[in-house]
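Single-letter residue listing:
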Amino acid sequence: MQGATAAAGAAANTSQGLDVAKLRADFPILLRTINGHPLVYFDSAASSQKPTHVIQTLTDYYERHHANVHRGMHTLAAEATDMYEAVRRKAARFIGGVDPSTVIFTRNATEAINLVAYSWGEQNISAGDEILISVMEHHANIVPWVRLCEKTGATLKTIPLDENYGLDLSDIDTLINKNTKLVALTRMSNALGTINNLAPIFKKAHAVGAVTLVDAAQSAPHMPTDVQELDCDFLALSGHKALGPTGAGILYGKAELLDNMPPFLGGGEMIELVTFEKVTYNHVPHKFEAGTPAIADVVGFGAALDYLMELGMENIREHEKEITAYALDKLSQFEWLKIYGPADVDKRGAAVSFTVEGAHPHDIAQYLDSYGFAVRAGHHCAQPLMKALGVTATTRASFYIYNTLSEVDSMCEALAEARDFFKV
Amino acid sequence: MQGATAAAGAAANTSQGLDVAKLRADFPILLRTINGHPLVYFDSAASSQKPTHVIQTLTDYYERHHANVHRGMHTLAAEATDMYEAVRRKAARFIGGVDPSTVIFTRNATEAINLVAYSWGEQNISAGDEILISVMEHHANIVPWVRLCEKTGATLKTIPLDENYGLDLSDIDTLINKNTKLVALTRMSNALGTINNLAPIFKKAHAVGAVTLVDAAQSAPHMPTDVQELDCDFLALSGHKALGPTGAGILYGKAELLDNMPPFLGGGEMIELVTFEKVTYNHVPHKFEAGTPAIADVVGFGAALDYLMELGMENIREHEKEITAYALDKLSQFEWLKIYGPADVDKRGAAVSFTVEGAHPHDIAQYLDSYGFAVRAGHHCAQPLMKALGVTATTRASFYIYNTLSEVDSMCEALAEARDFFKV
Amino acid sequence: MTLPLDALYRDIILDHYRSPRGRGAMDSPDTTCRGSNPSCGDELILALKIRDDKIQQAQITTTGCAISIASSSMLAEIIEGKTLDEAIELGETIRGMMRNEGEPDELELGDLDALKGVRNFPVRVKCALLAWVALFGAIKDYREGNTRGAVSITTE
Amino acid sequence: MTLPLDALYRDIILDHYRSPRGRGAMDSPDTTCRGSNPSCGDELILALKIRDDKIQQAQITTTGCAISIASSSMLAEIIEGKTLDEAIELGETIRGMMRNEGEPDELELGDLDALKGVRNFPVRVKCALLAWVALFGAIKDYREGNTRGAVSITTE
Ligand SMILES: Cc1ncc(COP(=O)(O)O)c(C=O)c1O
Ligand SMILES: Cc1ncc(COP(=O)(O)O)c(C=O)c1O
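Residues numbered from 1 in each chain as written. Chains lettered and ligands numbered in written order. Predicted model: local features only at pLDDT ≥ 70, side-chain atom pairs only at ≥ 80, totals over all residues. Heavy atoms only, no water.

Colleague: Mind laying out the interface of chain A and chain C, listing which residues take part and the relevant values?
Modeller: On the side of chain C, five residues touch chain A, which itself brings six residues to the contact. Taken together, the two surfaces of chain A and chain C that pack against each other cover about 540 Å², and 70% of this comes from carbon and sulfur. Its largest share of buried area at the contact with chain C, chain A owes to M73(A), E272(A) and H283(A), together 63% of the area lost on that side. Along the contact surface separating chain A from chain C lie zero salt bridges. Connecting chain A to chain C are zero residue pairs in polar contact (both at pLDDT 80 or more). (Contact = heavy atoms within 4.5 Å. Buried area = accessible area lost by both parts, 1.4 Å probe. Salt bridge = Lys/Arg side-chain N within 4 Å of Asp/Glu carboxyl O. Polar contact = N/O pair within 3.5 Å; in protein donor to acceptor, adjacent residues only side chain to side chain.)

If you want it as structure tokens, here you go:
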């Protein structure tokens, strides 16, 4: 077969709103060759690549502005603090225009969810309470709740899958009941691609007085986010999946909740007054940001948000719908390939999981890698979902702004070859 | 007065082992001017500047190798994982040659200490137990223990200061007793510069079965670190104070302790098997690294460790002793200036705190900034220490590998001017 | 000197810093408020004598930087004789100015106009505001009948 | 094909993968061990019949990738007739080889030599080792009198 370069010219720029051919030039890593083939990066659901603008922002930060934030009188400290706090305002805009002080910087979505589990959870959850999640959650939105239930005696309930890989809401009025204290759901499944319509579920949750949390790790990089529209109390996301550096993510929380929560980590910056007997705490968001933050990563995340907002999240979503529709169409022509996830691109994002009859997902991924395709294989940190699907692993190709239809074509060719190679 | 450039030539390279004039060229930020004056960065105790090697490593990582670590079959995932894990081995060497699996990556020293407080602390500390720290601790090594004591009913004890700004050990045999479960001490005070001789104290701690923790945030960037020699069970440090990027630090822990500790954050990578009823955990270090780590920051931290080890930590220490002795000598000639910290450079590091009679530390810092000097003023996240010293704040100049004697000269000139400016 | 220091430490500010007005404790004040910026270590106690809804006297004890001393000195000077509402209005004007939300003109402000330069040094804004926030606290407490004991407040 | 695939999926490996030896459950085994790599989803059960300290038969049931299937097939083939000590020694040799701690020669290894290529793909090493680690578990359990019930083990 041919590498992915051939058709990557004219056909590349597929969407009205996104000049894909042009923006690909912003991503230096796309010049890499892997095993002699141009890199085709189909693993953005795990972590996205970074545009020069983000990399350059990091370099510029370290070459010209670095100092520790918040406590310094000197010019560099003031500059670093300004740059860091400006990203808080930007992130607040990105998630729908909230008060910047309700945006807390964390390492990633995982830390954001754990912060809620430790700080809000241990104060508000006790024996007899119920926490509701779904079968399609990522471990980041399962493990903290399993552990909280172990500690408190609360019960973890789960919304099952329906036949279209969506949430089966037939029992929702039993699942959400007067014992329900928290409903924590992913807006987009990293393994199925499914987009969940959370607002109606959260409405029921609020009706019984429960608090709601959105795992937006997959959705936020790929579609518009508006916490008011989502009607959520908490929202977690990771910058590294949204063109940003590793090391920066955010937790959004409603002010009333954050104000009443105890701190999570203790140390510098989060305090008001420290004695050995008693500590009083700074106000939010600083209460939750102990120690020296990942300043440069946050500043770089700001550059990523600029880049995304400039492209327009609606345009990104349109591009991904197009490429996903194209991929689903091509893949469904292989009778030996099974797709796990909704067929309707209005109900799904750009992560496409599949298995190949008679070949293990790891072998498929390895085979594709030999042609330069970076896809992921495994349980995608969603073991309970895999169990529900009756598989131990899938191969997943996930698309982002820099991917083209011709890359999908090439992958399909390579897949057909792989099938022949491993066929027993 | 003149800026700091004048004498920064020949006199700059003061130490046998360190070619300061040459290595200054590795730090792009030193080309900055602040208010028309060359930057004199005397705030490395808060956060160090970064050499080109570190910045370039970050760029190279993002431009050529980025992918999520650990779970991927594809080439980039393998490369990123290799780069990330190589730093674990490097860090293990840097702290004295330990088993790499005893090195856990955290955001910073603060998170490392909190990890111990949450995971080890909640399992091992109960009412009646005692935790021993000292009066000179940074809030990062106070607040987690105050909170743990609040939760568990344990008691926090403190080693007071002696008249030379060292630890007063006259009551140590009472302070360390059969109730003592943890002795957590800083190896170098960020506010006083004091270097504490921890091994004899830890020996007493181990004799009563207590666990020991070193806050090495200040010491590790400035002098050799050897956990065997320190005889400690845990050690915490921050990469960003040691030429590394923000967002990466480490917790070292003895294998027996780490193995028996429950996880801290829950999510991807730290699990073995997840069901909604029960989670089993991966082995160390992965058990403690939930979610996508700050991969690039860790990789960049590796470049910083290379740079430091190439210079030689002994040489760094020698350079800093020289510049600190010089600064102490010059500053002590101002009768209106009071230095807080040991006079003997064998017993101290390169952070020099002082107050100027009749002028507030903030005003002094502000004045110095107008001439391009970045110094810090405030309580240095050590409010209990400030109280013990009878001040609300000090001004602190802290030196690192890129600082020169002539920079100290210029600061002293500016200080004399500042004194006149604010004199009442 | 052609340094940015000029913008911050204007002569009027240095004058108030060197000879602050309204210093010292007050015997039997009608209301007091303790203000602090823990991260700076700045602390002050503002004490007011109030007669017929007017501030008769303001006294301040403080440890702090030049900016917070000067600002509290200006407060002590300008606030005497004002009604409580006028005092609050002036305080709001200063707070709005420091947050770049308004640009009151020089005449109205008198010496306080010199504080405008502090806006270029965002970390120092809280120093300039400390006395004013204490003023809000003291008046609020007075109006609520001083029921809360000595109130404390911070600009952080 | 001039791809790195050649190094991994050598013909011998593909042959074992396509027609694995020693498949299926075993009636009344003398010892068994369940091995899994949770992060891959690989799972296998290794069952041994042992007579006079010698392995008479090895049977494996597995879901896994080509590498883990091939490796377990080779194990089943080569292990029969070996004493327990010989089996462990061979397992140690394979483990050392996969961890780049030793370079056993081709003759000694037979088909197993083909696994050397896996070393270039560090993430796949655990796939190749799964059956061998299960072998250690099964023998250990046998020697300890099978007191622990069905043992489980992982290479992760
Ligand atoms: C002695 C000491 N401990 C702990 C810390 C906390 O470091 P970080 O903010 O990087 O977590 C510092 C940094 O200021 C320090 O000087
Ligand atoms: C749906 C979902 N939630 C949470 C996470 C965790 O993200 P991170 O590893 O950045 O914390 C991921 C990333 O894989 C995800 O896909």
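Now, onward.
Colleague: Before we move on, can you summarise the interface of chain A and chain B with the specific residues and values?
Modeller: If you look at the interface, chain A gives 95 residues, while chain B gives 95 residues. For the chain A and chain B pair, buried surface summed over both sides reaches about 7,500 Å², with 58% attributable to carbon and sulfur atoms. Together, Y62(A), M73(A) and F276(A) form the three largest contributors to the area buried by chain A at its contact with chain B, with a combined 11%. On the surface where chain A and chain B come into contact, there are four salt bridges. E79(A) is the salt-bridge partner of R32(B), the closest N and O atoms lying 2.5 Å from each other. The tally of links from chain A across to chain B stands at 50 residue pairs in polar contact (both at pLDDT 80 or more).

Colleague: With reference to specific residues and values, describe the environment of F399(B).
Modeller: All names here are of chain B. Summarising the element assignment, F399 is placed in the loop between β17 (394–398) and α14 (405–422). Judged by relative accessible area, which is 1%, F399 ranks as buried. Taking C-alpha positions, F399 is 9.9 Å from V375, a pair spaced 24 residues apart along the chain. Setting aside anything within four residues of it in sequence, one finds F399 in contact with F42, H222, E320, I323, T324, A327, A350, V352 and V408. (Helix = DSSP H or I, 4+ residues; strand = E, 2+ residues; numbered from the N terminus. Buried < 20%, exposed > 50% of the residue type's maximum accessible area, 1.4 Å probe, protein only.)

Colleague: Can you tell me about the pairing of strand β4 (residues 103–106) of chain B, naming the residues and giving the values?
Modeller: Residues and elements named next belong to chain B. Both faces of β4 are covered, namely the face carrying V103 and F105 and the face carrying I104 and T106. Relative to strand β10 (residues 249–253), β4 runs antiparallel, the two sharing four bridges. Pairing of F105 across the sheet is with I250, part of β10. (Pairing = 2+ DSSP bridges.)

Colleague: Give me the pattern of salt bridges: which residues, what numbers.
Modeller: Here the structure, examined in full by the defined rule, presents 53 salt bridges over all chains. In this structure, R124(C) engages D363(B) in a salt bridge whose closest nitrogen and oxygen atoms are separated by 2.9 Å. On the criterion of chain membership, the pair formed by R124(C) in helix α6 (residues 122–143) and D363(B) in helix α12 (residues 361–370) is interchain, its members lying in two chains. Using a relative accessible area of 0% as the deciding quantity, one classes D363(B) as buried. With its nearest N and O atoms 3.8 Å apart, the salt bridge here joins D420(B) to K423(B). In the salt-bridge network here, residues are joined through shared partners; they are E103(C), D113(C), K116(C) and R119(C).

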